[in-house]
Amino acid sequence: MSVKLLALLIAAFAGVTMAVQGTMNSALSKTLGLLETTFVVNLVGLILLVLLLFVFRMGDGSLAAFGQAPWYLYLGGILGVIITYGVIKSIPKVGVAPATTAIILGQVLTAGLIDHLGLFGMNKLPFNWCRVAGTLLMAGGAWLILRK
């Protein structure tokens, strides 16, 4: 199996878990509340990471290099909270498939822009006509899924 195929399979699995996680988090918010669920979800994730890093020593980097990255790269934690909140908020209102479709479309459009501009140290990948066509086809598919 090629490295690229394995990476795509891992990404697809992440997509599967994202749909399940969003659904579970939305269900939990009916009991705990929206911000409370966002807090609990991130706290449980923190506990898992503490175990993996400090108990099972599974990290492959160094936390000692913490101050070496540009400050804005640490905003991912804030973005994670916003993502969790947004998913929990949207799924009960529009359903799992429409919310996930909108999420994926937003991700693809933003990813295309990041690739095209080479933001955050990523390699530049031009947004050529094939990528534009693919994005438009995805947008059309999203529109079909979101139609009532």
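Residues numbered from 1 in each chain as written. Predicted model: local features only at pLDDT ≥ 70, side-chain atom pairs only at ≥ 80, totals over all residues. Heavy atoms only, no water.

Novice: Got a minute to help me understand helix α1 (residues 3–32) in this structure?
Specialist: Because each turn of an α-helix spans 3.6 residues, side chains separated by three or four positions in sequence point in the same direction. Over its 30 residues, α1 runs 41 Å from end to end, which matches the ideal 44 Å to within 8%, given 1.5 Å per residue. Residues Gly-22, Asn-25, Ser-26 and Ser-29 constitute the buried set of α1. Contact partners of the buried residues in α1: α2 (34–55) and α3 (76–94). Once α1 finishes, Gly-33 follows within two positions and takes phi at roughly 110°, a positive value. (Helix = DSSP H or I, 4+ residues; strand = E, 2+ residues; numbered from the N terminus. Expected span 1.5 Å × (residues − 1). Buried < 20%, exposed > 50% of the residue type's maximum accessible area, 1.4 Å probe, protein only. Contact = heavy atoms within 4.5 Å.)

Novice: Explain the pattern of salt bridges here, please?
Specialist: Any two side chains of opposite charge can pair, given that their charged atoms come close. All told, the structure shown has one salt bridge when counted by the stated rule. A salt bridge links Arg-131 to Asp-115; the nearest nitrogen and oxygen atoms lie 3.9 Å apart. Linking Arg-131 in helix α5 (residues 129–146) with Asp-115 in helix α4 (residues 96–117), this pair joins segments that are 16 residues apart in sequence. What makes Arg-131 partly exposed here is its relative accessible area of 35%. (Salt bridge = Lys/Arg side-chain N within 4 Å of Asp/Glu carboxyl O.)

Novice: Before we go on, may I ask you to explain the packing of aromatic side chains in this structure?
Specialist: All chains considered together, the criterion is met by three aromatic pairs. Plain terms: the ring middles of Phe-66 and Tyr-74 are 4.6 Å apart, the flat faces sit at 40° to each other, and that makes the pair tilted. When the centroid spacing of 5.8 Å and the interplanar angle of 90° are considered together, the rings of Trp-71 and Tyr-72 count as edge-to-face. The class for Trp-71 is exposed, based on a relative accessible area of 64%. Note on Tyr-72: relative accessible area 37%, which makes it partly exposed. Feature note: the residues Trp-71, Tyr-72 and Phe-120 constitute an aromatic cluster, connected by ring pairs. (Phe/Tyr/Trp six-rings, centres within 6.5 Å; stacked < 30°, edge-to-face > 60°.)

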